[in-house]
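# Examining the three-dimensional arrangement
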Amino acid sequence: NDGAVFDPALGTFDRVLCDVPCSGLGVLGKKPDIRYRTAEGLSDLTDLQAKILQNAARYLAPGGRLVYSTCTVNQAENQEQIAQFLAKNKNFNVEAPQNPPPGAEVGPCGTLLLPNRTGLDGFFVAVLERR
């Protein structure tokens, strides 16, 4: 199925995982070919991420949680994506992580893992709760 297209037959859920396609800039160590990509197409990618996130939210029951995740460190794909979503969806808020890894950057729009601070791959996660 297409993650950007709503299918009402699926119903609603208490938990939804939204692991969107991303630039992969957080896993350069494992996928060195990513280094040779250009920024061309990034706006198409962020548009697709926004559509998938907005659509995924439609499946979430009240009080449910949606996890948005990427394997990139690009703010446009991470914090900015969540900030734009929250601006359009006032009935959602970001929940702080209960046990972030040491060195993780916990902010108002999610948690960023940077390899040089955590020893892990670059990764972003935001837990969104529908009020």
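Whatever comes next refers back to the structure up there.
Below, the structure is looked at part by part.

## Focus on the environment of Tyr 59
Counting through the fold element by element, Tyr 59 comes out in the loop between helix H1 (42-58) and strand E2 (60-70). Accessibility expressed as a relative area gives 10% for Tyr 59, which makes it buried. Along the primary structure Tyr 59 and Gly 11 are separated by 48 residues, whereas in three dimensions their C-alpha atoms are 6.5 Å apart. Beyond its immediate sequence surroundings of up to four residues, Tyr 59 is in contact with Val 5, Phe 6, Asp 7, Leu 10, Gly 11, Thr 12, Phe 13 and Val 16.

## As for the pairing of strand E6 (residues 123-130)
Here E6 shows a clear split, with Phe 124, Ala 126, Leu 128 and Arg 130 buried on one side and none of Phe 123, Val 125, Val 127 and Glu 129 buried on the other. Pairing of E2 with E6 involves six bridges; the strand directions are antiparallel. In the sheet register, Val 67 faces E6, and the bridge partner there is Val 127. Bridge count for strand E3 (residues 92-95) against E6 is four bridges, and the pairing is antiparallel.

## Some points on helix H2 (residues 79-88)
Residues of H2 that are buried: Gln 79, Gln 81, Ile 82, Phe 85 and Leu 86. Buried positions in H2, seen along its axis, are confined to an arc of 160° and lie on one side of it. In the core, the buried residues of H2 are packed alongside H1, E2, E3, strand E5 (110-113) and E6.

## Regarding the nonpolar core
Core analysis: the largest hydrophobic core is formed by 21 residues, its most contacted members being Cys 18, Leu 53, Leu 66, Tyr 68, Ile 82 and Leu 128. Those elements giving two or more residues to this core turn out to be strand E1 (13-19), H1, E2, H2 and E6. The element contributing the most residues to this core is H1, with four residues. Those residues in contact with Cys 18 that sit more than four places away from it in its chain are Ile 52, Leu 53, Ala 56, Leu 66, Val 67, Tyr 68 and Ser 69.

## A short note on the pattern of salt bridges
If you walk through the whole model with that rule in mind, you get three salt bridges. With a closest N to O distance of 3.4 Å, Glu 95 and Arg 65 form a salt bridge. Note that Glu 95 is positioned in strand E3 and Arg 65 in strand E2, a separation of 30 residues in sequence. Its relative accessible area of 27% is what places Arg 65 among the partly exposed residues. Through salt bridges with shared partners, a single ionic network connects Arg 65, Glu 95 and Glu 129.

What counts as what
- Residues numbered from 1 in each chain as written.
- Predicted model: local features only at pLDDT ≥ 70, side-chain atom pairs only at ≥ 80, totals over all residues.
- Heavy atoms only, no water.
- Helix = DSSP H or I, 4+ residues; strand = E, 2+ residues; numbered from the N terminus.
- Buried < 20%, exposed > 50% of the residue type's maximum accessible area, 1.4 Å probe, protein only.
- Contact = heavy atoms within 4.5 Å.
- Pairing = 2+ DSSP bridges.
- Arc of directions from axis to C-beta.
- Core = buried A, V, L, I, M, F, W, Y, C linked by side-chain atoms within 4.5 Å.
- Salt bridge = Lys/Arg side-chain N within 4 Å of Asp/Glu carboxyl O.

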